[in-house]
Amino acid sequence: MSSMATLLIIFGLLVSFLDTTESQVGVCYGMMGNNLPSAAQVISLYNSNNIRRMRLYDPNQAALEALSGSNIEVMVGIPNSDLQYVAASRDNSFDWVWRNIMSYPSVKFRYIAVGNEVKPSDSTLAPLVHPALTNINEVVAFYGLKDQIKISTSIDTSFIGVSYPPSQGAFRDDARAYIDPIIGFLVAVNAPLLVNIYPYFSYAGNPTDISLAYATFTSPGTVVQDGANGYQNLFDAILDATYSALERAGGSSLQIVVSETGWPSAGAFAATFDNARTYYTNMVAHAPRGTPKRPGRAIETYLFAMFDEINKEPQLEKNFGVFYPNQQAKYNLNFNAIQKGYESI
């Protein structure tokens, strides 16, 4: 046997022992603008930039039709306005899944996000999330798709009551009655928790104690030392604090998918083109590397958002796009460099 053949066999064996983890960075496709490209043009833009994952906030028919056969993996949302319907009965959930999932067999659905940033204090919506999760999951399982499509919900980081240091992360006491049953559900079905993480808002709210460099991945060294773990950026600190909170709430087996992250380029304090470009560029480069608490595990991340959306308020919400509505790139992000990462052995 040649030495080259021997090397190829050894390499193949090594790869077989590696636990592969996707490191693709996706982009959220928001539609709150009256000057945006057609759905078909948007899908073409994703493909031409090698953006292989998309978050849709609702099952928009034109977008789903354009996605058919595209090979783009999709996180599709059940809007908060539809939670009442799917929570009410399994029959309603069958209807939702049939119309919005099963009717698009050529779309690669990855997640169904049941609600977005529902507040524990919302007496109308909060009681609906768990039954909606359960109903939708049962329907997806009925169709034999429970291993292909994971059911979860998206929260924001206001749920975290203790975030410093990250190892002491804990959910707010008044959020536990809401989040604990959801964590139990996610553990039972082996689905990730979806979390929207915005270092921008943490920095803008406390620029005295948080440096811009720490918030934008540009600190030259460790800023926060937490036992054996050193933190050079705020994103990792927030994510690991959330992992610690999950561990304290019975969710130590769960993965977190960062279902939104971004930085506005105008409209408020520190919302500048340069800051946004720095954040997005470094976020894309950082995602495959993991965090100090979970090193080497690529962070599945969805950038917010694909386009500037002029119909949103307040002003800064109009300026989160990584592309302009005319389909020109704002920051020239290198999605082509992101393929697969490998977890540490």
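Residues numbered from 1 in each chain as written. Predicted model: local features only at pLDDT ≥ 70, side-chain atom pairs only at ≥ 80, totals over all residues. Heavy atoms only, no water.

J.: Tell me about helix 7 (residues 176-189), and please be specific about residues and values.
T.: For helix 7, spanning 14 residues, the distance from its first C-alpha to its last is 20 Å, which sits close to the expected 20 Å at 1.5 Å a residue. Where helix 7 is concerned, the buried positions are Tyr178, Ile179, Ile182, Ile183, Phe185, Leu186 and Val189. Buried positions in helix 7, seen along its axis, are confined to an arc of 160° and lie on one side of it. Along helix 7, exposed side chains directed more than 90 degrees from the buried face belong to Ala177 and Ala188. (Helix = DSSP H or I, 4+ residues; strand = E, 2+ residues; numbered from the N terminus. Expected span 1.5 Å × (residues − 1). Buried < 20%, exposed > 50% of the residue type's maximum accessible area, 1.4 Å probe, protein only. Arc of directions from axis to C-beta.)

J.: So what's going on with the side chain of Arg55? Residues and values would help.
T.: Tracing the backbone through its elements, the reader meets Arg55 in strand 3 (residues 53-56). A distance of 3.4 Å separates a polar atom in the side chain of Arg55 from a polar atom in the side chain of Glu260. The residues contacting Arg55, other than those within four sequence positions of it, are Val27, Cys28, Tyr29, Met75, Asn116, Ser154, Asn196, Ser259, Glu260 and Tyr302. (Polar contact = N/O pair within 3.5 Å; in protein donor to acceptor, adjacent residues only side chain to side chain. Contact = heavy atoms within 4.5 Å.)

J.: Give me the lowdown on the layout of surface pockets, citing residues and values where you can.
T.: One water molecule sets the probe size; rolling that probe over the atoms shows where empty space is left. Considering only enclosed or pocket space, the largest pocket measures out at about 1000 Å³ in volume. Contributing elements (two or more residues each) for the lining of the largest pocket: strand 3, strand 4 (73-78), strand 5 (108-116), helix 8 (199-205) and helix 10 (234-248). Here the lining of the largest pocket takes 4 residues from helix 10, the largest share from any one element. Per-class residue counts for the lining of the largest pocket are 23 nonpolar, 11 polar and 9 charged. (1 Å grid on protein atoms, 1.4 Å probe; cavity = no way out; pocket = protein on both sides within 12 Å on 5 of 7 lines; lining within 4 Å. Points joined across faces, edges and corners; volume = space filled by probe spheres on them. Nonpolar A, V, L, I, M, F, W, Y, C, P; charged D, E, K, R; others polar.)

J.: How would you explain the confidence of the model for the chain if you had to name every residue and give the values?
T.: Averaged over every residue, the pLDDT of the chain is 92; residues scoring 70 or more account for 91%. In the predicted structure, residues 1-23 sits below a pLDDT of 50 and forms 24 contacts with residues beyond four places in sequence or in another chain. The model gives residues 339-345 a pLDDT under 50, and that stretch makes 22 contacts with residues more than four places away or in other chains. (pLDDT = per-residue confidence, 0-100.)

J.: Which residues make up the pattern of salt bridges, and what values do they have?
T.: Under the definition given, this model contains 16 salt bridges. In this structure, the salt-bridge partner of Arg110 is Glu73, at a minimum N-O distance of 3.2 Å. You can see Arg110 sitting in strand 5 and its partner Glu73 sitting in strand 4, a full 37 residues away along the chain. A relative accessible area of 18% means that Arg110 is categorised as buried. Residue Asp174 pairs with Arg172 through a salt bridge whose shortest N-O separation is 2.7 Å. For Asp174, a relative accessible area of 55% gives the class exposed. Here Arg172 falls in the partly exposed class, since its relative accessible area comes to 24%. Linked by salt bridges that have partners in common, Arg53, Glu73, Arg110 and Glu300 make up one network. (Salt bridge = Lys/Arg side-chain N within 4 Å of Asp/Glu carboxyl O.)

J.: Could you give an account of the sheet that holds strand 4, with specific residues and numbers?
T.: The strand order 2-3-4-5-6-9-12-13 describes a closed barrel built from 8 strands, whose pairing is parallel. Adjacent strand axes in the sheet meet at a mean angle of 25° when their direction is disregarded. Pairing between strand 2 (residues 25-29) and strand 13 (residues 301-303): 3 bridges, direction parallel. Pairing of Val27 across the sheet is with Leu303, part of strand 13. Contacts between helix 2 (residues 39-48) and the sheet are confined to strand 2 and strand 3, with strand 2 contributing the most and set at about 165° to the helix. The sheet strands contacting helix 6 (residues 126-142) are strand 4, strand 5 and strand 6 (150-156), and the helix crosses strand 6 at an angle near 155°. (Pairing = 2+ DSSP bridges. Axes fitted to C-alpha atoms, helices over the stretch in contact; angles between N-to-C directions.)

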